[in-house]
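# Coordinate analysis (summary)
So you can see what is in the structure, the chains are spelled out below.
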Amino acid sequence: MNYKVAVIKGDGIGPEIVTEAQKVLDKAGEKFGFSLDYKEVLMGGASIDVHGIPLTDEAIADCKASDAVLMGSIGGNTSTSPWYKLEPSKRPEAGLLALRKALNLFANLRPAYLYEELKGACPLKEEITEGGFDMMIMRELTGGLYFGERKTIEEDGVRKAYDSLTYDENEIRRIAKRGFDIAMKRNKKVTSVDKANVLDSSRLWRKVVEEVAKDYPEVSYEHMLVDNCAMQLVRDPKQFDVILTENMFGDILSDEASMVTGSIGMLSSASLNETKFGLYEPSHGSAPDIAGQNIANPIATILSAAMMLRFSFDLDEAADAIEAAVKKVLEDGYRTVDIMSDNMTKVGTKEMGDLICERL
Ligand code: IPM
Ligand code: MG
């Protein structure tokens, strides 16, 4: 089989880590009998530098013409990069949001998993993480505050800004279904996170989640307020299986969840629409401060590529093999600097990619 993959290398460490992921994908293709045709697409700062805007219609068309999108990371240093002198709608992040919307990528899956080998990097006390934890954040990605009407005005000499948080029941229902579907393949527990003690949008969220839950009698579910959830994530992360939440809460909680694993450089993500199509990218940012030094950890992107094989192409065996190769590299004691600990062998971005290929 041959698949078309749009590749957005992006900014900062993006190009280095995506190159390693492509290397691993090609190796997996040789072994498991598939091939990938890559089409490079510009987005974010890289697109601003060439076209003056972070996302062109041509870039959207190239992504739509592909079977999936593999992405590195976008954006630069917000206080020093010239990209952030542009008006907000022309900055790198606006490109990413527009692409999510254009491709209707409403379901964002962000796993947070404690690797046995990397337990030392976890900032929580051992008694809290004993036995590990493994959760999946299902974040709504194309609605809510991110896409609501916003404006800044001046009224009687006073500046005033609005951002509106809107969800309709259809948007809530489709993401809730995704959350329950994924729970069925995991430990059958959904924690739906909202702020229903204050927000109308959250009260509707809760009602619709309850309706959807009726179709999944095997899944146990609970509602949790977002402030409590932020606390529970550090108090007892083991309690979570699937966290289902809206866009803004999911943005914040997924950073927190990844940090408690101690290894944000390891965490992948998938953004999916109603079909098999998806955009796959690491959960971390573009780390402009370490770009081009061959020290970034490519594993999150490599694991995102494995998610692409699994979710978009149904190549489960190849995806399993990539995940196993990553585990093996860790067992064999190789570490990039972000996950380095005593007695381990420090390697760079390229070496990490090679070591994973060797173990495939
Ligand atoms: C993320 C990022 C983006 C978001 C930014 C870059 C717009 O933080 O993917 O979590 O807020 O969704
Ligand atoms: Mg974020």
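An account of the accompanying structure is given in this report.

What counts, and where the lines are drawn
- Residues numbered from 1 in each chain as written.
- Chains lettered and ligands numbered in written order.
- Predicted model: local features only at pLDDT ≥ 70, side-chain atom pairs only at ≥ 80, totals over all residues.
- Heavy atoms only, no water.
- Helix = DSSP H or I, 4+ residues; strand = E, 2+ residues; numbered from the N terminus.
- Buried < 20%, exposed > 50% of the residue type's maximum accessible area, 1.4 Å probe, protein only.
- Lys, Arg positive; Asp, Glu negative; His and termini not counted.
- Salt bridge = Lys/Arg side-chain N within 4 Å of Asp/Glu carboxyl O.
- Contact = heavy atoms within 4.5 Å.
- Expected span 1.5 Å × (residues − 1).
- Near = heavy atom within 4 Å.
- Polar contact = N/O pair within 3.5 Å; in protein donor to acceptor, adjacent residues only side chain to side chain.
- Areas by Shrake-Rupley, 256 points an atom, 1.4 Å probe, with all protein chains shown as cover.
- Axes fitted to C-alpha atoms, helices over the stretch in contact; angles between N-to-C directions.
- Parallel < 35°, antiparallel > 145°, perpendicular 65-115°, else oblique.
- Left-handed = near helix turned anticlockwise from the far one by under 90°.
- Nonpolar A, V, L, I, M, F, W, Y, C, P; charged D, E, K, R; others polar.
- Disulfide = S-S within 2.5 Å.
- Pairing = 2+ DSSP bridges.
- Arc of directions from axis to C-beta.

### Regarding the side chain of Arg178
- Mapped onto the elements, Arg178 comes out in helix 6 (residues 169-184).
- Nearest to the buried, unbridged Arg178 among oppositely charged side chains is Glu274, at 4.6 Å.
- Contact partners of Arg178, with chain neighbours within four places excluded, come to Phe106, Ala107, Met138, Leu272, Asn273, Glu274 and Thr275.

### As for helix 1 (residues 14-32)
- With 19 residues, helix 1 extends 26 Å between its outermost C-alpha atoms, agreeing within 8% with the 27 Å of an ideal straight helix rising 1.5 Å per residue.
- The set of residues buried in helix 1 consists of Gly14, Glu16, Ile17, Val18, Glu20, Ala21, Gln22, Val24, Leu25, Ala28 and Gly29.
- Once helix 1 ends, the next one or two residues include Gly33, with phi positive near 75°.

### A few points about the site of ligand 1
- For ligand 1, the full set of nearby residues is Glu93, Arg100, Arg110, Arg139, Tyr146 and Asp251.
- Arg110 has a polar side-chain atom sitting 2.8 Å from an oxygen atom of ligand 1.
- At 2.5 Å, a side-chain N or O of Tyr146 approaches an oxygen atom of ligand 1.
- Notes on ligand 1: free accessible area 320 Å², of which the protein chains cover 74%.

### Let's talk about the environment of Ala21
- Among the structural elements, Ala21 can be located in helix 1.
- With 59 residues separating them in the primary sequence, Ala21 and Thr80 have C-alpha atoms 29 Å apart.
- The contacts of Ala21, once residues within four sequence positions are left out, are Leu70, Thr301, Ile302 and Ala305.

### Let's talk about the packing of helix 1 against helix 11 (residues 316-331)
- In the contact formed by helix 1 and helix 11, the axes pass within 10 Å of each other and the chain directions differ by 130°. When the axis of helix 1 is compared with that of helix 11, the two are oblique. Regarding helix 1 and helix 11, the two cross each other, and that crossing is right-handed. Packed against helix 1, whose contacting residues are Val24, Ala28 and Phe32, the element helix 11 presents Glu317, Ala318, Ala321 and Ile322 at the interface.
- Within the contact of helix 1 with helix 11, the residues separate by chemical class into 6 nonpolar, no polar and 1 charged.

### Examining unusual backbone geometry
- The phi torsion at Lys188 lies on the positive side, around 60°, for a residue other than glycine.
- Along the chain, Lys188 turns up in the loop between helix 6 and strand 8 (189-194).
- Its identity is not glycine, yet Ala287 carries a phi of approximately 35°, on the positive side.
- Relative to the helices and strands, Ala287 resides in the loop between strand 12 (278-282) and helix 10 (299-311).
- Residue class for Ala287 comes out partly exposed when judged on its relative accessible area of 25%.

### Thoughts on the state of the cysteines
- The tally for this structure, following the rule as stated, stands at 0 disulfides.
- Considering cysteine sulfurs only, Cys229 is the nearest to Cys122, which forms no disulfide, with 16 Å between them.
- Judged by its relative accessible area of 9%, Cys122 falls in the buried class.

### Brief notes about the sheet that holds strand 10 (residues 242-245)
- The strand order across the open sheet formed by 10 strands is 2-1-3-12-11-4-5-10-8-9, and the pairing between neighbours is mixed. Each edge of the open sheet is held by one strand with a lone partner, namely strand 2 (35-40) and strand 9 (220-225). With strand direction ignored, the average angle separating the axes of adjacent strands in the sheet is 25°.
- Inspection of the sheet shows strand 4 (residues 107-113) paired to strand 5 (residues 134-140) by 7 bridges, in the antiparallel sense. Across the sheet, the residue bridging to Tyr113 is Asp134, located in strand 5.
- Against the sheet, helix 7 (residues 200-213) contacts strand 5, strand 8, strand 9 and strand 10, and its axis sits at roughly 175° relative to strand 9.
- Sitting on the sheet, helix 9 (residues 247-261) touches strand 4, strand 5, strand 8 and strand 10, and the angle it makes with strand 5 is about 160°.

### Some words on helix 8 (residues 226-235)
- Every buried residue of helix 8 is listed here: Val226, Cys229, Gln232 and Leu233. Here the buried residues of helix 8 occupy an arc of 110° about the axis, which is enough to place them on one side.

### A look at the packing of helix 8 against helix 9
- It is at 9 Å that the axes of helix 8 and helix 9 come closest, and there the two elements cross at 10°. Taken together, the axis directions place helix 8 and helix 9 in an arrangement best described as roughly parallel. In contact with Val226, Cys229, Ala230, Leu233 and Val234 of helix 8, helix 9 contributes Phe249, Leu253, Glu256, Ala257 and Val260.
- Its residues assigned to classes, the contact of helix 8 with helix 9 shows 9 nonpolar, no polar and 1 charged.

### Some words on the pattern of salt bridges
- This structure, assessed with the given rule, holds 26 salt bridges.
- In this structure, Glu116 engages Lys119 in a salt bridge whose closest nitrogen and oxygen atoms are separated by 3.6 Å.
- Its relative accessible area of 52% is what places Glu116 among the exposed residues.
- The exposure class of Lys119 is partly exposed, given its relative accessible area of 23%.
- Glu222 is paired through a salt bridge with Lys189; the nearest N and O atoms lie 3.6 Å apart. Highlighted residues: Glu222 in strand 9 and Lys189 in strand 8, separated in sequence by 33 residues.
- For Lys189, a relative accessible area of 22% gives the class partly exposed.
- The network of salt bridges with shared partners includes Arg310, Asp316, Asp320 and Glu323.

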